[in-house]
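Notes for the structure review
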Amino acid sequence: MSVRKSVPMGPEDVNTLERMHAPVSPERQALAQLTGQELSASASDAEILAALVRAGRDAVTHQVAATGYAAWAAEMDDEDHAYRTARRGWDRGNAMGGGTRA
């Protein structure tokens, strides 16, 4: 693992962190929605920053998955599309008919 220099927080970062300390700020509410977890009223800077990193990581992971899926879908040829369409129809018919897959 390589050693990286730390990057100081800029003024916007500091302002955001300060707003995150207010229990009813829009930023804090948005963070809770993104992470699915409410921060405690007395959350430390480290707890808030960890939640921000988690939210960022989750957003990046979601974007990578969406981009990968879009690239995969774009690479599909007519035969792939026909197979997937037929498979969906078979899966639906099998589920509706109460049958089980072998």
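To be clear, the structure that these remarks concern was listed above.
Residues numbered from 1 in each chain as written. Predicted model: local features only at pLDDT ≥ 70, side-chain atom pairs only at ≥ 80, totals over all residues. Heavy atoms only, no water.

A word on the overall build of the chain. Within the chain, the secondary structure is distributed over four helices and zero strands. Sequence-ordered secondary structure for the chain, helices as α and strands as β, is α-α-α-α. Residues counted as buried form 13% of the 102 residues belonging to the chain. Split by element, the accessible area of the chain, about 8300 Å² in all, is 58% carbon and sulfur. (Helix = DSSP H or I, 4+ residues; strand = E, 2+ residues; numbered from the N terminus. Buried < 20%, exposed > 50% of the residue type's maximum accessible area, 1.4 Å probe, protein only. Areas by Shrake-Rupley, 256 points an atom, 1.4 Å probe, with all protein chains shown as cover.)

A separate point is a nonpolar patch on the surface. There is a patch of nonpolar side chains on the surface, built from M9, V14, L49 and L52 and spanning about 270 Å² of accessible area. The topology assignment puts L52 in helix 3 (residues 45-75). The exposure class assigned to L52 is partly exposed, which follows from its relative accessible area of 30%. (Patch = residues over 30% accessible without salt bridge, like charges linked within 9 Å, V, L, I, M, F, W, Y side chains within 5 Å. Salt bridge = Lys/Arg side-chain N within 4 Å of Asp/Glu carboxyl O.)

This paragraph deals with helix 2 (residues 26-35). Every α-helix winds through 3.6 residues per turn, so residues three or four apart in the chain are directed the same way. Here helix 2 has its buried residues at R28, L31, A32 and T35. The buried side chains of helix 2 occupy one side of the element, clustering within an arc of 100 degrees when seen end-on. Opposite its buried face, helix 2 presents the exposed residues P26, Q33 and L34, each directed more than 90 degrees away. Where the residues of helix 2 are buried, they touch helix 1 (11-20) and helix 3. In the segment just after helix 2, G36 is the residue with positive phi, at about 75 degrees. (Arc of directions from axis to C-beta. Contact = heavy atoms within 4.5 Å.)

Turning to the packing of helix 2 against helix 3, a few remarks are in order. The geometry of helix 2 relative to helix 3 is characterised by a closest axis approach of 9 Å and an angle of 55 degrees between their N-to-C directions. In terms of their interaxial angle, helix 2 and helix 3 are classed as oblique. Helix 2 and helix 3 meet at a crossing whose hand is left-handed. For the pair formed by helix 2 and helix 3, the contact residues are L31, L34 and T35 on the first element and I48, A51, L52 and A55 on the second. Class assignment for the residues of the contact of helix 2 with helix 3 results in six nonpolar, one polar and no charged. (Axes fitted to C-alpha atoms, helices over the stretch in contact; angles between N-to-C directions. Parallel < 35°, antiparallel > 145°, perpendicular 65-115°, else oblique. Left-handed = near helix turned anticlockwise from the far one by under 90°. Nonpolar A, V, L, I, M, F, W, Y, C, P; charged D, E, K, R; others polar.)

Note that every value here comes from positions in space, so none of it alone points to a role or purpose.
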